[in-house]
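# Structural features, examined
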Amino acid sequence: MPCEVKPRFLVLYGSQKGQAQSIAEGIVDEAGEHGLVAELSCLSQNDKYNLEKETAPVVFIVSTTGDGEPPDSTLHFVKRIKQKTLPTEQYEHLCYALLALGDTNYANFCNCGKTIDSRLQELGAKRFYATGHADDGVGLELVVDPWLEGLWEAIAGALSKMASDKDAHLKEDPRDSARETPDLSPLDVKLNLLSLTDDQNSDLAGASLNTDSKSAVADLSSASVAQTAVSDPRSASSKESPGLTPESDAVADISKSAGETQTGDAGVSRAVSEASLTCSLPPLSESSLNVPALPPPYLDVSLHEDTIDESNEPLNKEALHEVPISRAVQLTRGDSVKTALLLELDISAHPTMTYQPGDSFDVLCPNRASEVMEMLHRLGLQDQRNQRVQVSLRKDTKKKGAQLPSYIPANGTLLYLLTWCLEIRSVPKKAFLRALVEYTGDGVQRRRLQELCSKQGAADYNRYVRDLALSLLDVLTAFPSCSPPLSLLIEHLPKLQPRPYSAASSGLRHPGKLHFVFSVVEFPACPGRPAARRGLCTGWLSHLVNLILVYPGNTRSSGSQALPKIHVSLRPNCSFRPPSDPTVPFIMVGPGTGVAPFIGFLQQREKERQENPEVAFGETWLFFGCRHQDRDYLFREELEGFVSGGTLNHLEVCFSRDDQKVETSASPAGPRYVQHNLLLNRQHITDMLLKQRASLYVCGDAKNMAKDVNDTLIEMIGAELQLDQLEAMKRLAGLREEKRYLQDIWG
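Heads up: these notes are all about the structure in this document. Keep in mind the model is a prediction, meaning the values are calculated, not measured.

### Thoughts on the sheet that holds strand E23 (residues 695–701)
Spatial strand order, E22-E21-E20-E23-E24: five strands in an open sheet with parallel pairing. On the outer flanks of this sheet lie strand E22 (650–655) and strand E24 (741–746), each paired with one strand and no other. Across the sheet, the mean angle separating the axes of adjacent strands is 10° when strand polarity is ignored. For strand E20 (residues 586–589) and strand E21 (residues 620–626), the ladder comprises four bridges, and the chain directions are parallel. Each bridged residue has a counterpart across the sheet, and for Ile587 the counterpart in E21 is Trp621.

### Notes on the environment of His510
Note on placement: His510 falls in the loop between strand E14 (499–502) and strand E15 (513–519). When near neighbours in sequence (up to four residues on either side) are disregarded, His510 contacts Tyr355, Ser505, His515 and Gln603.

### Description of the packing of aromatic side chains
Within this structure, the stated rule accounts for 19 aromatic pairs. Look at Phe361 and Phe516: their rings are 5.1 Å apart centre to centre, the planes differ by 80°, and that puts the pair in the edge-to-face class. Taken together, the residues Phe361 in strand E12 (residues 360–364) and Phe516 in strand E15 connect sequence positions 155 residues apart. Each ring, one from Phe598 and one from Phe601, has its centre 5.4 Å from the other, and the planes form 80°; the classification is edge-to-face. Of the two residues, Phe598 and Phe601 are both situated in helix H16 (residues 596–611); the distance of three residues between them amounts to about one turn of the helix. Through successive ring pairs, a cluster of aromatic residues spans Phe576, Phe586, Phe598, Phe601 and Tyr697. Cation over ring: Lys399 sits above Tyr298, and NZ or CZ is 5.1 Å from the ring centre.

### So, the pattern of salt bridges
Counting across every chain of the model gives 35 salt bridges. One salt bridge in this structure joins Glu438 and Arg434, with 3.2 Å as the shortest N-O distance. You'll find Glu438 and Arg434 in the same group, each marked buried. Via salt bridges that share partners, Arg333, Asp335, Asp630 and Arg631 belong to a single interconnected network.

### A few points about the pairing of strand E3 (residues 58–63)
Counted residue by residue, E3 has six buried out of six residues, so it is predominantly covered. Residue alternation in E3 divides its side chains into two sets, Val58, Phe60 and Val62 and Val59, Ile61 and Ser63, and both sets are buried. Sheet topology places strand E1 (residues 8–14) next to E3; five bridges connect them, and they run parallel. Bridge assignment links Gly14 to a residue of E3, and that residue is Val62. Of the pairings in the sheet, the one linking E3 to strand E4 (residues 95–102) comprises six bridges and is parallel in character. Pairing of Phe60 across the sheet is with Leu98, part of E4. Crossover handedness for the path E3 to helix H2 (residues 75–81) to E4: right-handed.

Procedures and definitions
Residues numbered from 1 in each chain as written. Predicted model: local features only at pLDDT ≥ 70, side-chain atom pairs only at ≥ 80, totals over all residues. Heavy atoms only, no water. Pairing = 2+ DSSP bridges. Helix = DSSP H or I, 4+ residues; strand = E, 2+ residues; numbered from the N terminus. Axes fitted to C-alpha atoms, helices over the stretch in contact; angles between N-to-C directions. Contact = heavy atoms within 4.5 Å. Phe/Tyr/Trp six-rings, centres within 6.5 Å; stacked < 30°, edge-to-face > 60°. Lys NZ or Arg CZ within 6 Å of the ring centre and 35° of its normal. Salt bridge = Lys/Arg side-chain N within 4 Å of Asp/Glu carboxyl O. Buried < 20%, exposed > 50% of the residue type's maximum accessible area, 1.4 Å probe, protein only. Right-handed = clockwise from strand over helix to strand, strands pointing away.

Below, the structure written as structure tokens:
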């Protein structure tokens, strides 16, 4: 009897940091449960798919990076479909669905996904499912989860429609003209959660088991064995442990009364008075849960005692430049709320490292040594830290398209792996928490991890994990009976990403040098994070330059020390640069460390004015803001020097925390933020933008400042041109399209 051929569909992803790829892989993994076969490809893998001839439904999962730019892996695809020579019927045979990932804290939300979506429509493609726009600013899962839930029905409908159309086409007289591809109207995204009252689940209610039962791992091995596990002891084809049912099949049935004390397997009773990372309250604590399907394990990991002559440096050194930090200056006073540092890199030994003002570069930093050792201790592998790690694919894995992570070296030590390869500070995603359930011995802790990864516990996950930026170590500390193997970390922790910084200098002013500025990020102690800590890269850099740091009021460091070195790579930004035409006016908005690239802009302009005295240079404005005039007014002397020398025509500064005069109708309070100064100069700024074709640059905080400035610009344009909000937004969008409104912002 011939085997049944399962219907197929194609999944294409474009990912910068791995989130889109992870979602795409999850779709492929789940396809078999729905009687389907999914083929997975990155949009950059042109040899693996052909949309011009594709006859199956296509699912796109794409993220957006930078100032609304496509991920690196998607640039070529976007460029290809945007060719104006393509006919409008190029993809009239294609039906697709698209999930776009973005962050509303940044401009051009989901711009890459929107660009692909609209262009496919223009080229004749038809949607078979409503496009989803997931916002990482509030939690991707709020859109991703219901979108994925409704996807399977949509794919089934699209396949059925395509099959019936094919049958109808075969019955037609071959002399008839080809029929037009039907317009498959998008299905509504389902937001309702599954419940035991649903007809399709009522027969499964009896299958639910109490989640306080011991997990398979806890029963199979002692705590000491679990703590030193390297690979997942479960078979890749084994069933999930009792009580942990995937949301698509059933729900875990567990309830506790509101006044009941929660007792762990260790016998320690504790009354729950308020919710926290480790405790929940009704109704969540009494709810049946829809937990995600268990991600299939796909890696085998082993440790070997081979002797390795390995330096503790990054793997891809050929793509990096090792440069010394020749100078470090603290720009803020000691009592400032934030500590801002300026570092000078000596790049004179690297002639290929040429940059322009506005360019950015990556700094590759290691994980903090104390956190690496703590992780090794938590895994029970501290004595094996210098052993070689061997990673291979499990032969029996159910994960479709499983691949070895490209950032894991073939012969690296365990210490190297945790130091340079894995982002151990990353916030664990729900799928990771779901996998951790399998290795948690205590029943109450298991139940709480289930809640945090469930649909019903989405608010708790955001409040106690995501919003507090807890790391895996924080979670493992809070749930001491959880002992995951090393393989689980390699499967779920993302690649350690380099950190981008903007150049704060011009090579014309500082040949052979590259300056950059940053504020040392501080994460305060909170429930779930007992001790405060600094940002990974900014904390590392701050510690690295401590011995050569020049403090305010001093001209040199306390002593002569060997210059520390770091690994960097340039990432030129061809758009966030001063106008190539020196006669074009430009406006800069950069509060706090957002002023950094504009120092480079002005240093460049100053040199150009000195070399070309006959040129009529365009007008320049800078809007700067900080908390206190005497504590964190960055580059004050240099900025005032630009003004007195004529390089900077207008410097508008405001101080948000200095005492303001009492506001009255006759004497309003002074400006506190950069957008207030923009409003005060509304007429001149809008005239420059709309009549003189000036360029506008905004750099700094994306979450608050960039949004407020954008809203203010809309208000200014609307008031000056007497337009309603929608029309003013369109005019501002036009400036973006013309590359005259540019942003370099961060979260």
